[in-house]
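Here's the letter readout for the chains.
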Amino acid sequence: MKIKVKLIFALLCVAFVIYSLSIYLVPIRKHLNSAPNATLASKGRLVWQDYNCESCHQLYGLGGYMGPDLTNIYSCKGKGPIYIKALVKSGTGLMPPFHLTEEEETNLLHFLRSTDESGSADPRNFTINALGMIEKK
Amino acid sequence: MSFKQLNSGKLFLASSLVMLFFGLIMGSLASLSYVLPNYLKDTIGFVSLRPMHVSSVLFWIILGASGCIYSGLEYVSEQKPSKTLATIQWALWLVAIVGIFYSYFTKQFGGREYWEFNPIWALPIIGAWVVFLFNFFRCTRVLKKWPVYMWMWMTGMIFFLFTFIENYLWVFPYFRTHFITDMTIQWKVNGSLVGSWNQIIYGTAFFLMDRISGNKKAGFSKLAFGMYFLGLFNLMFNWGHHIYTLPTLPYVRYMGYGVSMTEWIIFARIFYTWRVSVSDVQKHYHYFPFRFLFAADAWVFFNLGQALLMSIPAINIYTHGTHVTVAHAMGTTIGINSMILLAACFEFFSGKCSSFNKANVGLSIAFWGAQVSLFAFWIALNAAGIKKGIWQMASVQIPYGKMMQSLHPYFVVFAIAGFFLLISITILVFVLLRSYVRCELRSVNEINAPLPNSITSSTIKL
């Protein structure tokens, strides 16, 4: 019994390592080019973290729940970069104002542009298939 | 108290209780942000209160889990864990916690959700965990045959370390420049981290059941190991259920969905088999541990049921990104994890010097206060979440701010229930910490006093 337990444990661990690697290597395996201005966007990701926007906002529905999802705010009708800049500076009823440097602001906007270009987070854009899985419309 | 008399398990448990208390205070303060406009906005604000709350309660769970392993090892292993190593581990945690709260107070974030602190403070946590693993293997390698809970402890410890390090892959630009892969890994991590501490805590529940029922065989049964492997399988592969809407590769989503569905068989069985074998005498001697385990059992029923439904993508599309998810997180961390940890604290802290029995009305009131307020808390969050879910899917939407305003009554119930939860759990924490200070820190004679009806290491044959 003991040997069997060790064996099953080891096999599961091997499967886990393979699965993990397959995920880390997706960009290489799929020859994904990073988005234009990816370096700036990746710096913008750090701005997003430095100011803890995630405590109130979501990306693809993941994050804090006090404020709205911002995945597609960049291309949202009537909103977009100028609106984002203004809002971050002024804050709102529940959101405090943030004082970003110009560079941080630019990088953050590149980041929000890259989230927007990665897909749509609106749950209304999905249909349900026969297995109960959701698929992009 | 001298170093020789220090009990590592109780030191970790007592420290974890302090974190719990702090976390509850921060949680209550943070919840007010949902009801009072402009609340503390210009000073500390939700942006700091939320991570303070989350980190404190995470540390309650993680330090508590560590304390349970140390306390358990005292009973099951002839080779005792090293106190020096345990103290080094504890000191590393202390450094990390001080650094992390300094980071929050001064708004120097930089980390990700649940670990928002400046990443430098992850280093002492990793250090503490390496010391912990070393101490664990040092004293368990002499044991020939491991009961299932030892496997669960080991698994939880190893996977916590692996996943916690994986949690910082974003430091490398390769990951950050591929947003979708980065998000996939972030939620792979979050799923597996929860799975890791669940292994430790469910392992502890198993250990406690063993002690309470006196049934040593259960920990070696095929069924127990079957359930353990199912749990491990889920820890490794079910996390895709967090990211159904993320445009990641389809196999990740199908894997998450398929594996999650295997959880339907997980827990009910184990709990069912041990409960029937506990006699009244045993229940009497382990009154509060038994009650808290029983409460955890009830919460498993609600939360596992909810979690399973939420893992079906067709339902998840409604609940994702809403307070239903928060309800699920609170239900599992408070209802299941915390109840099991409290059961463990009552079990390990009781001795000649302090016994927590049925006659203690204050404790009973606090116990029920916690259950009832948690239930109200859970319902309020679910109701708010369902309402938001319907809004989210509506073809014509009222503005976000208006929708949030319409949830105000639920948030009021949530904040009030949270306050009562704070009071109830504070009573429990206070009683436990008082007993720790009286029995451990002050009274030398009581150290290692046998527990009532206890099974000492010499009577355990493994």
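Residues numbered from 1 in each chain as written. Chains lettered and ligands numbered in written order. Predicted model: local features only at pLDDT ≥ 70, side-chain atom pairs only at ≥ 80, totals over all residues. Heavy atoms only, no water.

Q: Quick question: what am I supposed to make of the nonpolar core here?
A: Soluble, globular proteins show a tendency: their nonpolar side chains are buried together. If you look at the biggest cluster of nonpolar residues, it comprises 177 residues, and the most contacted ones within it are F59, W93, W115 and W129 of chain B. In terms of residue count, the dominant contributor to this core is helix α2 (residues 45-76) of chain B (18 residues). Domain assignment of the residues forming this core places at least three in each of domain 1 (1-34) and domain 2 (36-136) of chain A. Residues contacting W129 of chain B, with those up to four places away along its chain left out, are I62, S66, W93, M157, F160, L161 and I200 of chain B. Counting eight residues, the second-largest nonpolar core is a separate cluster that includes Y244, Y257, A314 and I317 of chain B. (Core = buried A, V, L, I, M, F, W, Y, C linked by side-chain atoms within 4.5 Å. Buried < 20%, exposed > 50% of the residue type's maximum accessible area, 1.4 Å probe, protein only. Helix = DSSP H or I, 4+ residues; strand = E, 2+ residues; numbered from the N terminus. Domains from an automatic or database assignment. Contact = heavy atoms within 4.5 Å.)

Q: How should I be thinking about the interface of chain A and chain B in this particular structure?
A: In many reports, interface size means the accessible area that the parts give up when they come together. Each side of the interface is counted separately: chain A has 68 residues, and chain B has 80 residues. It is F16, Y19 and Y65 of chain A that lose the most area in chain A upon contact with chain B, and together they represent 13% of the buried surface on that side. At the surface where chain A touches chain B, the tally comes to one salt bridge. For D182 of chain B, the salt bridge is made with R45 of chain A, and the minimal N-O distance between the two is 3.9 Å. For the pair chain A and chain B, the number of links is 22 residue pairs in polar contact (both at pLDDT 80 or more). A per-element tally of the side of chain A that touches chain B places helix α1 (residues 2-24) of chain A first, with 14 residues. (Buried area = accessible area lost by both parts, 1.4 Å probe. Salt bridge = Lys/Arg side-chain N within 4 Å of Asp/Glu carboxyl O. Polar contact = N/O pair within 3.5 Å; in protein donor to acceptor, adjacent residues only side chain to side chain.)

Q: In this structure, what is going on with unusual backbone geometry? I would like to understand it.
A: For residues besides glycine, phi is generally negative; the peptide bonds are generally trans as well. A positive phi angle is found at N52 of chain A, which is not glycine, with a value near 55°. Within the element layout of this structure, N52 of chain A appears in the loop between α3 (38-50) and β1 (58-59). At K107 of chain B, a position not held by glycine, the phi torsion is positive, near 55°.

Q: Sorry, what's going on with the pattern of salt bridges here?
A: Proximity of charged atoms lets side chains of opposite charge pair with each other. For the coordinates displayed, the defined rule picks out nine salt bridges over all chains. Its salt-bridge partner being E105 of chain A, residue K89 of chain A comes within 3.7 Å of it at the nearest N-O pair. Remark: E105 of chain A occurs in helix α5 (residues 102-118) and K89 of chain A occurs in helix α4 (residues 80-90); sequence separation between them is 16 residues. The exposure class assigned to E105 of chain A is buried, which follows from its relative accessible area of 12%. Salt bridges sharing common partners tie together R45 of chain A together with R112 and D182 of chain B.

Q: Looking at this structure, I do not really get the packing of α3 of chain A against α5 of chain A. What am I missing?
A: The relative placement of two packed helices is expressed as an angle between their axes plus a distance between the axes. Residues and elements named next belong to chain A. Packing of α3 against α5 leaves a shortest axis separation of 7 Å and a crossing angle of 105°. In terms of orientation, α3 and α5 fall into the roughly perpendicular class. Judged by residue contacts, L40, A41, K43, G44, R45, V47 and W48 of α3 engage E104, N107, L108, H110, F111, L112 and S114 from α5. The residue makeup of the contact of α3 with α5, split by class, is seven nonpolar, four polar and three charged. (Axes fitted to C-alpha atoms, helices over the stretch in contact; angles between N-to-C directions. Parallel < 35°, antiparallel > 145°, perpendicular 65-115°, else oblique. Nonpolar A, V, L, I, M, F, W, Y, C, P; charged D, E, K, R; others polar.)

Q: Sorry, what's going on with the packing of α2 of chain B against helix α4 (residues 122-140) of chain B here?
A: Residues and elements named next belong to chain B. Packing of α2 against α4 brings their axes to within 11 Å, and their N-to-C directions diverge by 20°. Between α2 and α4, the crossing angle belongs to the class labelled roughly parallel. Note on packing geometry: the crossing formed by α2 with α4 is left-handed. Side by side, α2 and α4 meet where F59, I62, S66, I69, Y70 and L73 of the first sit next to I125, W129, F132, N135, F136, C139 and T140 of the second. Of the residues contributing to the contact of α2 with α4, the split by class is 10 nonpolar, three polar and no charged. (Left-handed = near helix turned anticlockwise from the far one by under 90°.)

Q: Which parts of the structure should I look at to understand the packing of aromatic side chains?
A: For any two aromatic rings, the description comes down to two numbers: the centre-to-centre distance and the angle of the planes. Residue and element names in this part refer to chain B. The final tally for this structure, using the stated rule, is 60 aromatic pairs over all chains. With centroids separated by 6.3 Å and ring planes inclined at 20°, the aromatic side chains of Y75 and F348 adopt a geometry described as stacked. Here Y75 is found in helix α2, whereas its partner F348 is found in helix α14 (residues 323-349), with 273 residues between them in sequence. Judged on exposure class, the residue Y75 and its partner F348 are both buried. For the pair W299 and F302, a centre-to-centre distance of 5.7 Å together with 50° between the ring planes defines the contact as tilted. Placement of the pair is W299 and F302 together in helix α12 (residues 287-310), with a separation of three residues, close to one helical turn. A relative accessible area of 4% means that W299 is categorised as buried. (Phe/Tyr/Trp six-rings, centres within 6.5 Å; stacked < 30°, edge-to-face > 60°.)

Q: I tried to follow the environment of H328 of chain B on my own but got confused; where do I start?
A: Residues and elements named next belong to chain B. If you trace the backbone, H328 turns up in helix α14. Between the C-alpha atom of H328 and that of F290, which follows or precedes it by 38 residues, the distance is 24 Å. Other than its neighbours up to four places away in sequence, H328 contacts N303, Q306, A307 and M310.

Q: Looking at this model, I keep getting lost on the confidence of the model for chain B. Mind explaining?
A: Should pLDDT be low for a region, the predicted coordinates there are not to be read in detail. All names here are of chain B. Here chain B averages 87 in pLDDT, and 89% of its residues register 70 or above. The low-confidence segment residues 444-462 (pLDDT under 50) makes 41 contacts with residues lying over four places distant or belonging to another chain. With pTM at 0.92, the complex prediction returns an ipTM value of 0.94. (pLDDT = per-residue confidence, 0-100.)

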